[in-house]
Amino acid sequence: MKKIIYTALLATLSVGAYAQKSDGTTKSLVNAEKAFAEDAAKEGANAAFLKYTAADALVFRPNPTNAKKFYATATDMKSLSWTPTTARVSRSGDWGFTSGAYVINGEQKSYGHYLSVWRAKNGKWELILDLGAETNRPLNKAVANFVEPKDHFTPKFATEKELKAGRDVILTTEKTLNATLKSYGPSAFAGFLNKDAQLLFPGTETITGKESIQAFNNRMVDKINLKTTAADKALGGDLAYTYGVATIDYKTDLRESFNYLFIWERQSDGNWNIMTQIFTLAER
């Protein structure tokens, strides 16, 4: 009996490891994401998150908390489903991100966006950040946008000092963004957004394109302040992320606090622009 159980356990671990296999491609990340969603539907959210998250992973529920600890005691459900529609992997293959729509099809249905950051470790993908923004109604079906790295590059040697310097560049960029926001309001985002950037905001469809995001900000937001918690940059030097807390003053004299996650992309001129933004209401 023990031998049968042991063999079954090995088979389960093998399947999980294969599903999470990383080969530096966006395709492998999308496959890991889809396997993750399938496992959640079959085994429940708790088992799936415990299988696919890193030991130091954070989930925003709504404030950041360790994923392993959260899903060790969270109410389990098989009613959670999601579909990736956007995915990118760094040219170094050490991390990437996915985003899309989720549905909770329980007694009380809910819908929303999600944005997840994944890290490649020992040849497999591990989820390290996961944040969702509720919309209260189903999102329109989106065309899949899975982009493979243009090339592959990983520095042979990278000291901790060099890695810290890379993170500091991103932190300084976001500090500059925040200073500009204080001076010019939400219009300051115009200088820090990709032309095809995406905004995932509670209660809205995905807002795509710098001009559309600016129109939304100008219509809704009076002031916004960012307090960065952490940042990291891919070894390939092409992608980075930041997360923290944003305070938004609306034009309706309402103030709300959000947790946010930004994905940044290095431009040909060496500057960094935001590819994807997601905000979710923070718990006070």
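The preceding data block contains the structure.
Residues numbered from 1 in each chain as written. Predicted model: local features only at pLDDT ≥ 70, side-chain atom pairs only at ≥ 80, totals over all residues. Heavy atoms only, no water.

Peer 1: Just checking my understanding: could you explain the overall build of the chain for this structure?
Peer 2: Within the chain, the secondary structure is distributed over six helices and 13 strands. Over its C-alpha atoms the chain spans a radius of gyration of 19 Å, differing by no more than 12% from the 19 Å that the globule rule assigns to 284 residues. Its C-alpha atoms give the chain principal-axis dimensions of roughly 70 × 50 × 35 Å. A burial count over the chain gives 46% of its 284 residues as buried. Taken as a whole, the chain presents about 15000 Å² of accessible surface, with 53% of it coming from carbon and sulfur. If you average the places of the 36 positive and of the 30 negative side-chain charges in the chain, the two averages end up 3 Å apart. (Helix = DSSP H or I, 4+ residues; strand = E, 2+ residues; numbered from the N terminus. Rg over C-alpha atoms; globule rule 2.2 N^0.38 Å. Buried < 20%, exposed > 50% of the residue type's maximum accessible area, 1.4 Å probe, protein only. Areas by Shrake-Rupley, 256 points an atom, 1.4 Å probe, with all protein chains shown as cover. Lys, Arg positive; Asp, Glu negative; His and termini not counted. Charge placed at Lys NZ, Arg CZ, Asp CG, Glu CD.)

Peer 1: Explanation requested: helix α2 (residues 26-43) in the structure shown.
Peer 2: Since the α-helix packs 3.6 residues into each turn, any two residues three or four apart lie on the same face. Look at α2: 25 Å from first C-alpha to last across 18 residues, which is about the 26 Å you get at 1.5 Å a residue. Along α2, the residues that are buried comprise T26, S28, L29, V30, A32, E33, A35, F36, A37, D39 and A40. Taken from the residues just after α2, G44 is the one with a positive phi, measuring 100°. (Expected span 1.5 Å × (residues − 1).)

Peer 1: Even after reading the chapter, I still don't get the packing of aromatic side chains, so can you show me in this structure?
Peer 2: Going through the model one piece at a time under the given rule, you end up with 16 aromatic pairs. Here the aromatic rings of F201 and F258 are separated by 5.3 Å at their centres, their planes lie at 40°, and the arrangement is tilted. Of this pair, F201 sits in the loop between β8 (193-200) and β9 (207-208) while F258 is found in strand β12 (residues 255-266), placing the two residues 57 residues apart along the sequence. Taking the relative accessible area as the measure of exposure, F258 reaches 1% and is therefore buried. (Phe/Tyr/Trp six-rings, centres within 6.5 Å; stacked < 30°, edge-to-face > 60°.)

Peer 1: Could you clarify how one ought to interpret the pairing of strand β13 (residues 272-281) in this entry?
Peer 2: Along a regular strand, successive side chains alternate from one face of the sheet to the other. With nine of its 10 residues buried, β13 lies for the most part within the structure. With four bridges joining them, β8 and β13 adopt parallel strand pairing. Counterpart to L200 in the pairing with β13 is I278. One ladder, built from nine bridges, connects β12 with β13; its direction is antiparallel. Bridged to N259 within β13 is T280. Counting the residues in the hairpin turn of β12 and β13 gives five residues, including G270, whose phi is positive at 95°. (Pairing = 2+ DSSP bridges.)

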